[in-house]
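Structural overview for review
Take a look at the letters that make up each chain.
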Amino acid sequence: MSFSLCSLTRVSPQIHERNSQWSQNAKRSIFRLSLTNNSSRCICRVVEQGLEVEVASADTAPQKQSPVIDTKEEEQQQEVFNGVATTESDNKALNSSYTAKKKKRDDDDSYENRFKLQNGREVFQEKAYLVGVEGKGGAEYLFGIEESLKELAQLADTAGLMVVGSTHQKLNSPNPRTYIGSGKVAEIKSAIHALGVETVIFDDELSAGQLRNLEKAFGGDVRVCDRTALILDIFNQRAATHEAALQVALAQMEYQLPRLTKMWSHLERQAGGQVKGMGEKQIEVDKRILRTQIGVLKKELESVRKHRKQYRNRRVSVPVPVVSLVGYTNAGKSTLLNRLTGATVLAEDRLFATLDPTTRRVQMKNGGEFLLTDTVGFIQKLPTTLVAAFRATLEEISESSLLVHVVDISHPLAEQQIEAVDKVLSELDVSSIPKLMIWNKVDKVCDPQKVKLEAQKREDVVCISALSGNGLDEFCSAVQEKLKDSMVWVEALVPFDKGELLSTIHQVGMVERTEYTENGTLVKAHVPLRFARLLTPMRQMCIS
Ligand SMILES: Nc1nc2c(ncn2[C@@H]2O[C@H](COP(=O)(O)OP(=O)(O)OP(=O)(O)O)[C@@H](O)[C@H]2O)c(=O)[nH]1
Ligand SMILES: [Mg+2]
């Protein structure tokens, strides 16, 4: 058979993402190669333990991508079901053969459907099953178990997985061996078989031992991972800049280090459990390699950060106040930045759309200016490794004059999300920076008027719709008012030949009064501290 056209139809994510958390998962095609000529098509699938080849002629399966069923044979089977078959045993045999073939075809069809276009590329959706544990006390976490699992499902969807089911359990304390009780393990095992689950995701961080024991208990064919690994995988997929990629790689390695146990069990199995010492040595070697890689990454990150700091210092020399947007993921931070500055930061209805900070200048109607920085969103149960890895990026926050906390007020768990954000902010040590709260997506709530009245009753809360632009003028005025808190009051006599200084005062400060005298312009204004120093000689002139 000779082929005229060759196309690599689909590549599973593992090929692109060697660091992906899912890359160790097996038992499925790694890639498929489709070869077609006028009358035939051959599909090769590289699977975990070999190569599968299927050949189909064009007339038997002209359009379908998975020509597994022999159509003619299927027609004969259909006749059997239409009453042609004579004996019951014949009927049973044919029935089961038909069912098997039909199941194979259905499997293949569903396999086809599991390739989804995400972020402009095709990814294979693994079937995931979610597991959560609710502490009997109940007060441990901000979110209820069902809401937390719902969020986990959103995270799984963002990571490109297909959630096929979930379960949860109430426990006094998690089981140290398997996190959940043995009955629940058995229940999940049945679900795995019934639903063809490939990955089981736990809503809380699991220890190395728990991960290993659960994988064993589920039969070794499924991958077990936790919320942290899932978030790390999303970050890994989304890291667009060199710095973000380095930070995520570092966080992933630090997460993997205490969980590096695979090699040990692999060697143990190979030698029937006789080479424990050898396995232990190997794991030590692996850990040393990982530690060295962590060291290399940290150095590289350090140099990237130096560059960023230099850039920031240059920016600070222009004393325009910096305002940082913080908030729960998907609250609308990027939409607000885009709306106010005409930026084109990706804003979409998905978790963790933004990883890298973006800063743009906001020009207000009264001539005032501030720099607005969009940052990575937060989430409840945010892995500490990730907070640590992103600390440098979040330095932008700690050096800003004002934090604007963007809240999706239409979200049923808005209050819990606010608490989760406050918790992360307290870890970042930014309590001394003034804050302003924005209730966003007010267009989405059922009674916007009621929400606006509620906001008015509170201090430092402004209602907006970043999407429609409603309330943005109030937002800018509130920002200016709050920026005053971080500015100093100056009265300076600016000589007439220093006109550019006068326009900078208008640009970066808040001018209350200007008077023209015979020696220059007398300005009374709030200005950033650094800028006030520049004005010192003129302030003395004013006093004298
Ligand atoms: N109805 C409505 N939708 C909004 C509003 N603001 C943002 N959105 C939508 O909310 C979704 C998330 O917006 P983003 O701006 O990406 O949110 P984010 O806070 O930057 O999210 P992360 O980058 O993931 O932290 C998008 O689909 C926006 O269109 C709003 O005022 N009203
Ligand atoms: Mg964003």
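Above: the structure in question.
Description of the structure in this document. No experiment lies behind these values; they were computed from the predicted model shown.

So, how was this worked out
- Residues numbered from 1 in each chain as written.
- Chains lettered and ligands numbered in written order.
- Predicted model: local features only at pLDDT ≥ 70, side-chain atom pairs only at ≥ 80, totals over all residues.
- Heavy atoms only, no water.
- Helix = DSSP H or I, 4+ residues; strand = E, 2+ residues; numbered from the N terminus.
- Buried < 20%, exposed > 50% of the residue type's maximum accessible area, 1.4 Å probe, protein only.
- Contact = heavy atoms within 4.5 Å.
- Areas by Shrake-Rupley, 256 points an atom, 1.4 Å probe, with all protein chains shown as cover.
- Near = heavy atom within 4 Å.
- Polar contact = N/O pair within 3.5 Å; in protein donor to acceptor, adjacent residues only side chain to side chain.
- Nonpolar A, V, L, I, M, F, W, Y, C, P; charged D, E, K, R; others polar.
- Pairing = 2+ DSSP bridges.
- Axes fitted to C-alpha atoms, helices over the stretch in contact; angles between N-to-C directions.
- Parallel < 35°, antiparallel > 145°, perpendicular 65-115°, else oblique.
- Donors = N, O, S within 2.8 Å, 3.2 Å for Na, K, Ca; no water.
- Salt bridge = Lys/Arg side-chain N within 4 Å of Asp/Glu carboxyl O.
- Left-handed = near helix turned anticlockwise from the far one by under 90°.

Helix and strand content of the chain: 19 helices and 19 strands. The burial tally for the chain puts 47% of its 544 residues in the buried class. Taking contacts inside the chain between residues at least 6 apart in sequence as the whole, the part at least 24 apart equals 65%. Of the roughly 27,700 Å² of accessible surface on the chain, a fraction of 51% belongs to carbon and sulfur atoms.

Every buried residue of helix H6 (residues 208–217) is listed here: Ala208, Gln210, Leu211, Asn213, Leu214 and Glu215. In the segment just after H6, glycine 219 is the residue with positive phi, at about 100 degrees.

Residues in contact with ligand 1 amount to 23 residues; listed here are only the nearest, Thr329, Lys333, Thr335, Ala353 and Asp443. Here serine 334 contributes a side-chain N or O atom positioned 2.9 Å from an oxygen atom of ligand 1. Here lysine 441 contributes a side-chain N or O atom positioned 3.0 Å from an oxygen atom of ligand 1. Protein coverage of the free-state accessible area of ligand 1, which is 660 Å², stands at 91%. Counting residues per element, the shell around ligand 1 draws most heavily on helix H11 (residues 333–341), which supplies three residues. Tallied by class, the residues present in the shell around ligand 1 amount to seven nonpolar, nine polar and seven charged.

This part takes up unusual backbone geometry. Positive phi, close to 75 degrees, is recorded for asparagine 330, a residue that is not glycine. Counting through the fold element by element, asparagine 330 comes out in the loop between strand E11 (322–327) and H11.

The six strands are arranged E12-E13-E11-E14-E15-E16 in an open sheet whose pairing can be described as mixed. A single partner strand is all that each edge strand has here, and the edge strands are strand E12 (358–363) and strand E16 (461–463). Averaged over all pairs of adjacent strands, the angle between their axes in this sheet comes to 30 degrees, without regard to strand direction. In terms of strand pairing, strand E15 (residues 435–440) meets E16 through three bridges, oriented parallel. The residue bridging tryptophan 439 from the neighbouring strand is cysteine 463, located in E16. Where H11 meets the sheet, it contacts E11, E12, strand E13 (369–374) and strand E14 (402–408), and its direction lies at approximately 40 degrees from that of E12. Helix H14 (residues 414–427) rests against E11, E14 and E15 of the sheet, and its axis sits at about 150 degrees to E14.

Right, let's get into the packing of H11 against helix H16 (residues 472–485). Packed helix pairs are specified by the crossing angle of their axes together with the interaxial distance, meaning the distance between the axes. For the pair H11 and H16, the least separation of the axes is 12 Å and the interaxial angle reads 95 degrees. Accordingly, the angle class assigned to the pair H11 and H16 is roughly perpendicular. Residues Leu336, Arg339 and Leu340 of H11 form the contact with H16, whose own contacting residues are Leu472, Phe475 and Cys476.

What follows covers the coordination of the magnesium ion (ligand 2). Ligation of the magnesium ion (ligand 2) by protein atoms is provided by Ser334 (OG) and Thr354 (OG1), these donors lying 2.0 to 2.1 Å from the ion. With serine 334 in helix H11 and threonine 354 in the loop between H11 and E12, this pair connects stretches of sequence that are 20 residues apart. Accessibility expressed as a relative area gives 6% for serine 334, which makes it buried. Residue class for threonine 354 comes out buried when judged on its relative accessible area of 10%.

So, about the pattern of salt bridges. With the rule as written, the count across this model stands at 17 salt bridges. Note that glutamate 348 and arginine 238 form a salt bridge whose closest N and O atoms lie 3.3 Å from each other. You can see glutamate 348 sitting in the loop between H11 and E12 and its partner arginine 238 sitting in helix H7 (residues 227–238), a full 110 residues away along the chain. Between arginine 361 and glutamate 369 there is a salt bridge, and its shortest N-O distance comes to 2.5 Å. Connected through shared salt-bridge partners, Glu151, Asp203, Asp204, Arg227 and Lys381 make up one network.

In this section: the packing of helix H4 (residues 145–158) against H7. Look at H4 against H7: their axes get within 9 Å of each other, and the N-to-C directions meet at 35 degrees. The handedness of the crossing between H4 and H7 is left-handed. Across the interface between the two elements, Ser148, Glu151, Leu152, Leu155, Ala156 and Thr158 of H4 pack against Arg227, Leu230, Ile231, Ile234, Gln237 and Arg238 of H7. The residue makeup of the contact of H4 with H7, split by class, is six nonpolar, three polar and three charged.

Once that is clear, we can look at the environment of alanine 229. The residue alanine 229 is located in helix H7 in this model. Each C-alpha atom of the pair alanine 229 and tyrosine 255 lies 7.9 Å from the other, and the pair is 26 residues apart in sequence.

Fair warning: the whole summary comes from geometry, so function is off the table for now.
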